[in-house]
Amino acid sequence: MTVPATTPTTPATPSASTTAAAGAAASAAGAEALRPHAEDAFADELAALAATDDRPRPARWRMSPWAVATYLQGGVLPDGTVITPKYVGPRRLIEVAVTTLATDRALLLLGVPGTAKTWVSEHLAAAVSGDSTLLVQGTAGTPEEAVRYGWNYAQLLAHGPSRDALVPSPLMRAMSEGMTARVEELTRIPADVQDALITILSEKTLPVPELGQEVQAVRGFNLIATANDRDRGVNELSSALRRRFNTVVLPLPATPDEEVDIVSRRVDQIGRSLDLPAAPEGLAEIRRVVTVFRELRDGVSTDGRTKLKSPSGTLSTAEAISVVTNGLALAAHFGDGVLRPGDVAAGILGAVVRDPAADRVVWQEYLETVVRERDGWKDFYRACREVSA
């Protein structure tokens, strides 16, 4: 027996007035949230794209694959609306990710920590389904119920197994409604729980043996998972599960300028949400943070003349964003509002020195062999020495 699901239909193209009203309502709903969901934070852009998008759309998609890629990569619409880039990187990667979601294959975003896997998955779900909240957060303690379904035990004890007593997981809801579900940190989930996805992804079916029923996925359903193999506590994916995914590897930013652009954009967005003043003079410090992270990450100075030891941490772009945001808060609340070396020095030290014994030696060697001799870095050197003392 199959649990009834909503009859699959292809949604009509929304009118400009309808999408504009929806965008305004979503913007108002997320205005007070500390960190609005993507569909709320960028509701105006999503509404503008949907209103002008006249390309074919897969079943239950809010917009065409071309429009989804434009939302992620940015562009200018025919009516002059500017779509800001959400992901700065090779467009082809995003196109492959989007077209995977338009097929019956699930999408696995793979990469080292800090390569925007979660950010990309959230924005893909927001653009495709208008809802990025059908999420399973992977941890070492994630139970199978989070992937399949659970039970309302009060109902279960009172009336026995029934549809009313069943508590659907985000994946079950996505299957029934033809939506995009997300699984974060898939490799942190225990192997036996991971394998609960195999039937869902291969048969597009979720059995409910207690009821003698099953939930069949309707058109529009798909899954985006993220994973990395650099952190501790990683559970390798079985070959059977890995075959159910198309894998897209998100790389680290290719150039310093690209990474500076990413950090600047995100710091500006986060700063606005926290009511921090803009720091137009902070670009030099952002570039300095990115330079330090890239040199220590790559194990060589920018000019290629000095080989360096790398610390135990990842020194990702996401960590650079955190360092600069914290520095901006220090400058705003305890300084003159201008981002200076002293505002970022402590944050860099915290990001680099994760292992107090080994990493502190790496950091001190870097300060003395590279930073100390670099033109224009004297203030930064003194600030770092001060916080390292």
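Note that this is a predicted model, so its numbers are computed, not measured.

A. Main features of the confidence of the model for the protein chain. With 90% of its residues at a pLDDT of at least 70, the protein chain reaches an overall mean of 89. Overall, residues 3-20 carries pLDDT values under 50, and its contacts beyond four positions in sequence, including any with other chains, amount to 26 contacts.

B. Quick look at helix H3 (residues 43-52). Burial analysis of H3 places 7 of its 10 residues in the buried class, which makes it a mostly covered element. Taken as a whole, H3 has its buried residues at Ala-43, Glu-45, Leu-46, Ala-47, Ala-48, Leu-49 and Ala-50.

C. Quick peek at the side chain of Thr-70. Inspection of the secondary structure assignment puts Thr-70 in helix H4 (residues 65-73). On the accessibility criterion, Thr-70 (6% relative accessible area) is buried. Excluding its chain neighbours within four sequence positions, the residues that come into contact with Thr-70 are Leu-49, Gly-75, Ile-83 and Arg-91.

D. Quick look at the pattern of salt bridges. Considering all chains together, one arrives at 22 salt bridges under this definition. In this structure, Arg-294 and Glu-259 form a salt bridge, with 2.7 Å as the shortest nitrogen-oxygen distance. In this pair, Arg-294 is assigned in helix H14 (residues 283-298) and Glu-259 in helix H13 (residues 256-273), connecting sequence segments 35 residues apart. A residue is classified by how much of its surface remains accessible, and Glu-259, at 0% relative accessible area, is buried. Taking the shortest distance from any N to any O, the salt bridge between Glu-319 and Arg-354 comes out at 2.5 Å. In this pair, Glu-319 is assigned in helix H15 (residues 317-334) and Arg-354 in the loop between helix H16 (341-352) and helix H17 (358-371), connecting sequence segments 35 residues apart. Judged by relative accessible area, which is 14%, Glu-319 ranks as buried. Using a relative accessible area of 47% as the deciding quantity, one classes Arg-354 as partly exposed. Each of Arg-91, Arg-92 and Glu-95 takes part in a single network of salt bridges with overlapping partners.

E. Inspection of the sheet that holds strand S12 (residues 245-249) at higher detail. Within the open sheet, the 5 strands sit side by side as S5-S8-S11-S4-S12. Their pairing is parallel. A strand with exactly one partner marks an edge of an open sheet, and here the two such strands are strand S5 (135-137) and S12. The mean angle between the axes of side-by-side strands here comes to 20°, regardless of whether they run parallel or antiparallel. Here 4 bridges tie strand S8 (residues 180-184) to strand S11 (residues 222-227), and the two strands are oriented parallel to one another. Bridging across to S11, Val-183 finds its partner in Ala-225. The strands touched by helix H9 (residues 170-177) within the sheet are S5, S8 and S11, with S8 carrying the most contacts at an inclination of about 160°.

F. Quick peek at H9. Within H9 the residues assigned to the buried category are Leu-171, Met-172, Ala-174, Met-175 and Ser-176. One or two positions beyond H9, positive phi appears at Gly-178, with a value near 70°.

G. Structural view of the pairing of strand S4 (residues 106-110). Of all 5 residues making up S4, 5 are buried, and the element is well covered by its neighbours. Where burial is concerned, the two faces of S4 agree: the one with Ala-106, Leu-108 and Leu-110 and the one with Leu-107 and Leu-109 are both buried. Where S4 and S12 come together, 5 bridges link them in parallel fashion. Residue Leu-109 lies in a different strand from S12, and its bridge partner there is Val-248.

H. Looking closely at the environment of Asp-229. Mapped onto the elements of the fold, Asp-229 is located in the loop between S11 and helix H12 (239-242). It is 9.5 Å that separates the C-alpha atoms of Asp-229 and Arg-188, two residues lying 41 residues apart in sequence.

I. Structural detail: the packing of helix H5 (residues 91-101) against helix H6 (residues 117-129). Axis separation between H5 and H6 bottoms out at 12 Å; the angle between their running directions is 50°. Relative to H6, H5 is oriented oblique. Note that H5 runs across H6; the crossing there is right-handed. Contact residues: Ile-94, Ala-97, Val-98 and Leu-101 in H5; Val-120, Leu-124 and Val-128 in H6. Among the residues making up the contact of H5 with H6, the classes are represented as 7 nonpolar, no polar and no charged.

J. Seen up close, the environment of His-37. Within the element layout of this structure, His-37 appears in the loop between helix H1 (16-30) and helix H2 (38-41). The exposure class assigned to His-37 is partly exposed, which follows from its relative accessible area of 37%. In sequence terms His-37 and Ser-132 are 95 residues apart; their C-alpha atoms lie 7.0 Å from each other. Sequence-distant contacts of His-37, defined by excluding residues within four places in its chain, comprise Glu-122, Ser-132 and Thr-133.

K. Geometry of unusual backbone geometry. Phi at Arg-60 takes a positive value of approximately 70°, unusual for a residue other than glycine. Tracing the backbone through its elements, the reader meets Arg-60 in the loop between H3 and H4. Here Arg-60 falls in the buried class, since its relative accessible area comes to 14%. The backbone of Leu-315 sits at a positive phi, close to 50°, despite the residue not being glycine. Among the secondary structure elements, Leu-315 is positioned in the loop between H14 and H15. Judged by relative accessible area, Leu-315 falls into the buried class, the value being 1%.

Conventions adopted
- Residues numbered from 1 in each chain as written.
- Predicted model: local features only at pLDDT ≥ 70, side-chain atom pairs only at ≥ 80, totals over all residues.
- Heavy atoms only, no water.
- pLDDT = per-residue confidence, 0-100.
- Contact = heavy atoms within 4.5 Å.
- Buried < 20%, exposed > 50% of the residue type's maximum accessible area, 1.4 Å probe, protein only.
- Helix = DSSP H or I, 4+ residues; strand = E, 2+ residues; numbered from the N terminus.
- Salt bridge = Lys/Arg side-chain N within 4 Å of Asp/Glu carboxyl O.
- Pairing = 2+ DSSP bridges.
- Axes fitted to C-alpha atoms, helices over the stretch in contact; angles between N-to-C directions.
- Parallel < 35°, antiparallel > 145°, perpendicular 65-115°, else oblique.
- Left-handed = near helix turned anticlockwise from the far one by under 90°.
- Nonpolar A, V, L, I, M, F, W, Y, C, P; charged D, E, K, R; others polar.

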